[in-house]
Amino acid sequence: MRRLLCLVLLLCSAQLHAEPGFISRLLNHPVPGGVAVVPLGDGAEAPGVRYQGKPVLVVREEGRRWIAIVGIPLKSAAGVQQLTLSDGRQLSFTVGTKHYREQRIKLKNTRQVNPLAEDMARINRELAEQTKAYQTFSPAQPSNLMFDKPVNGPLSSPFGLRRFFNGEERNPHSGLDFAVGAGTPIKSPAAGKVILIGDYFFNGNTVFVDHGQGLISMFCHMSKVDVKLGQSLPRGGIVGRVGATGRATGPHMHWNVSLNDTRVDPAIFIGAFKP
Ligand code: ZN
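Below or above, wherever it landed, is the structure these notes cover. Not measured: the values here are computed from a predicted model.

What about the packing of aromatic side chains?
Thought 1: By the definition in use, this model includes 8 aromatic pairs.
Thought 2: Pairing Tyr134 with Phe208 gives two aromatic rings, centres 4.8 Å apart and planes at 65°, and the pair type is edge-to-face. Separated by 74 residues along the polypeptide, Tyr134 in helix H3 (residues 117-134) and Phe208 in strand S14 (residues 204-212) bring together distant segments of the chain. Side by side, Tyr134 and Phe208 carry an identical accessibility label, which is buried.
Thought 3: By way of ring pairs, the aromatic residues Phe147, Phe178, Phe219, Trp255 and Phe269 are connected into one cluster.
Thought 4: The aromatic ring of Phe165 is capped on one face by Arg247, whose charged end is 4.0 Å from the ring centroid.

In structure tokens form, the structure reads like this:
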């Protein structure tokens, strides 16, 4: 009888361990442009993890096992992907499929569709600056992985839309839009540090906030920036105001979320992911 009880207890605790926690259930959407949560075991120290050569966010889930939270590129094919651990072990996860819709946008300013030769030097310089910011990997743990919405308002254009400007295909939508009026304050969805501020050709007034371990938010098209470079922000700290600067058809809030230098669907982090 005692042996049976032991077995039952053992099975229960095994099940408890196998059951994914809240963060895993919220964030695990392993599709192109999504996030994979990969369990790493419950060792004393956090294992170092890389995906496609880039360092990956690792946290301890609810005081139990370690998990890797991996950003999956929008261009990724479906199938098995590998993570490399610092001890040389390889762990695999499977990427599924997701269909992304098309969006057609008319722009009066044709220079924003086909920039002039003189614009290209600026665009390339700004791209390099922003790419470098996305590659930041600071050791701090994010204050919260379930993000607060940066503004209160309805979602408009989702992440990943295939975009055609005046009939010409351009990069897919790298973030999530909220339909809110000009001047609305934009709040940092988690604590962070301001690592880049710019006034860019496509993005207009832009701020990058590093939440730690490669988890980065980018806000753009702002009418006003309310932070300084290097400033630390609390969760909910005001970054700037909604506007329509850069390539925008009207005021709205555009928010990018990046993990391991990969832009992923911000809707995942606010519990609004649609498969
Ligand atoms: Zn947008």
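Having seen it, we continue.
What about the pattern of salt bridges?
Thought 1: Applying the stated criterion across every chain yields a total of 12 salt bridges.
Thought 2: The residue Arg162 makes a salt bridge to Glu102 at a minimum N-O spacing of 3.4 Å. Of this pair, Arg162 sits in strand S9 (residues 162-165) while Glu102 sits in strand S8 (residues 102-105), placing them 60 residues apart in sequence.
Thought 3: On the accessibility criterion, Arg162 (34% relative accessible area) is partly exposed.
Thought 4: Take Glu102: its relative accessible area is 42%, and that puts it in the partly exposed class.
Thought 5: Taking the shortest distance from any N to any O, the salt bridge between Lys224 and Asp226 comes out at 2.4 Å.
Thought 6: Exposure remark for Lys224: the relative accessible area of 45% places this residue in the partly exposed category.

Looking at the sheet that holds strand S18 (residues 238-241)
Thought 1: Strand order in the open sheet formed by 3 strands is S12-S18-S16, with antiparallel pairing between adjacent strands. With one partner strand each, in any of the chains shown, strand S12 (185-187) and strand S16 (224-225) form the two edges of the open sheet.
Thought 2: Two strands pair when backbone bridges link them, and S16 and S18 are joined in this way by 2 bridges, in the antiparallel orientation. Bridge pairing in S18 places Lys224 opposite Arg241.

As for the environment of Gly237
Thought 1: Within the element layout of this structure, Gly237 appears in the loop between strand S17 (232-233) and S18.
Thought 2: For Gly237, a relative accessible area of 10% gives the class buried.
Thought 3: Once the C-alpha coordinates of Gly237 and Gly160 are considered, the two residues, 77 residues apart in sequence, prove to be 27 Å apart.
Thought 4: In this structure Gly237 touches Ile186, Lys187 and Ser188, once residues within four positions along its chain are discounted.

The rules behind these values
- For every chain, the first residue of its written sequence is number 1, and the numbers climb from 1 along that sequence.
- With pLDDT at 70 or above as the cut-off, local features in this predicted model cover only qualifying residues; side-chain atom pairs require 80 or more to be listed or tallied, and sums for whole chains, interfaces and linings still use all residues.
- As a convention, hydrogens and water are excluded, and side-chain values are obtained from all of the structure's heavy atoms.
- Classification of ring pairs rests on two measures: the distance between centres of Phe, Tyr or Trp rings, Trp counted by its six-membered ring, which must be within 6.5 Å, and the angle between planes, read as stacked under 30 degrees, edge-to-face over 60 and tilted in between.
- Think of it this way: any DSSP run of H or I at least four residues long counts as a helix, any run of E at least two long counts as a strand, and we number them from the N terminus.
- Buried means the residue's accessible area, taken with a 1.4 Å probe over protein chains only, is under 20% of the maximum for its type, while exposed means over 50%, and partly exposed covers the values in between.
- To sit over a ring, a charge needs its Lys NZ or Arg CZ within 6 Å of the ring centre and within 35 degrees of the ring normal.
- Only one rule defines a salt bridge in this text: a Lys or Arg side-chain nitrogen within 4 Å of an Asp or Glu carboxyl oxygen.
- For two strands to pair, DSSP has to find at least two bridges joining them.
- Here a residue-residue contact requires only that any non-hydrogen atoms of the pair lie within 4.5 Å.

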